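Results of the structural survey
Single-letter residue listing:
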Amino acid sequence: MNIEAHNAGFITYVAIFTMSFLLVLAFMGLRIGQICESNAVDELHLEEAHYAAQSGAHWFVGYCKAGNTWDFQEKLNVEITIEADQSTDNPRHIMSYGKLKHQEIVSRVHMYVTVDTDHTMHVMKIKPY
């Protein structure tokens, strides 16, 4: 009877150890899942900001092709900033920034524009950042 009690205690010890090990594995899997979810959400926000920057670049190209006028009446639903470098080089470097309103995520699209003597702009090259 003494050996049977010893075996029962050993089996209980192995069961507790196995359950503890499985619990640790479950917590590790949960943490890895949370990290993956966070990375996926960050990537989604970055894509959304890049889409806003591309929308700004698209708007700017349309503006240049229309002779520096814009007659499109629909409002844009994103916060877009179009900014030129301070240098007066020709072609001029212009960036379209797309920013998400409630986050600090910004994406840029680089454009190179030539400017004629009558201040008409022509987009020469567009490079996503």
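Starting afresh in each chain, residues are numbered from 1 along the sequence in its written order. Reporting of local features is limited, given that this is a predicted model, to residues whose pLDDT is at least 70; pairs of side-chain atoms are given and counted only at 80 or more, and all residues count toward the totals for whole chains, interfaces and linings. Only hydrogens and water are set aside; all other atoms, that is, all heavy atoms of the structure, feed into the side-chain values.

**So, the overall build of the protein chain**
Only DSSP runs of H or I reaching four residues or more are called helices, and only runs of E reaching two or more are called strands; each is numbered from the N terminus. Within the protein chain one finds 1 helix and 4 strands. Only protein chains enter the accessibility calculation, which uses a 1.4 Å probe. A residue is then buried if its area is under 20% of the maximum for its type, exposed if over 50%, and partly exposed in between. When burial is assessed residue by residue, the protein chain has 22% of its 129 residues classed as buried. Should any heavy atoms of two residues lie within 4.5 Å, those residues are counted as being in contact. For the protein chain, the proportion of contacts with a sequence separation of at least 24, taken over those separated by at least 6, is 36%. All accessible areas in this document rest on Shrake-Rupley with a 1.4 Å probe, and a residue is counted as covered only by the protein chains that are shown. Accessible area of the protein chain: about 10000 Å², with a carbon and sulfur share of 61%.

**Here we look at the nonpolar core**
Side-chain atoms within 4.5 Å are what join buried Ala, Val, Leu, Ile, Met, Phe, Trp, Tyr and Cys residues into a set we call a nonpolar core. Listed in full, the 9 residues of the largest apolar core are A53, A57, F60, C64, I94, V109, M111, V113 and M121. Sorting the residues of this core by element identifies α1 (2-65) and β3 (106-115) as the ones contributing at least two each. Among the elements that take part in this core, α1 stands out by supplying 4 residues, more than any other.

**A word on the confidence of the model for the protein chain**
pLDDT measures how confident the predictor is about each residue, on a scale from 0 to 100. In the predicted model, the protein chain carries a mean pLDDT of 79, and 81% of its residues have values of at least 70. Confidence, expressed as mean pLDDT per element, reaches its minimum in the protein chain at strand β1 (residues 79-84) with 75 and its maximum at α1 with 84.

**Remarks on the pairing of strand β2 (residues 92-99)**
Of all 8 residues making up β2, 6 are buried, and the element is well covered by its neighbours. Taken together, the 8 bridges between β2 and β3 define a ladder with antiparallel strand orientation. Residue pairing for β3: K99 is matched across the bridge by V106. Note on pairing: DSSP must find at least two bridges between two strands before they are called paired.

**Observations regarding a nonpolar patch on the surface**
Patch construction takes residues with relative accessible area above 30% that form no salt bridge. Like charges are linked within 9 Å, and nonpolar side chains (Val, Leu, Ile, Met, Phe, Trp, Tyr) are linked within 5 Å. Any carboxyl oxygen of Asp or Glu within 4 Å of a side-chain nitrogen of Lys or Arg constitutes a salt bridge here. Taken together, the side chains of M19, F21, L22, V24, L25 and M28 make up a nonpolar region of the molecular surface, amounting to roughly 600 Å² of accessible area. With respect to the helices and strands, V24 occurs in helix α1.

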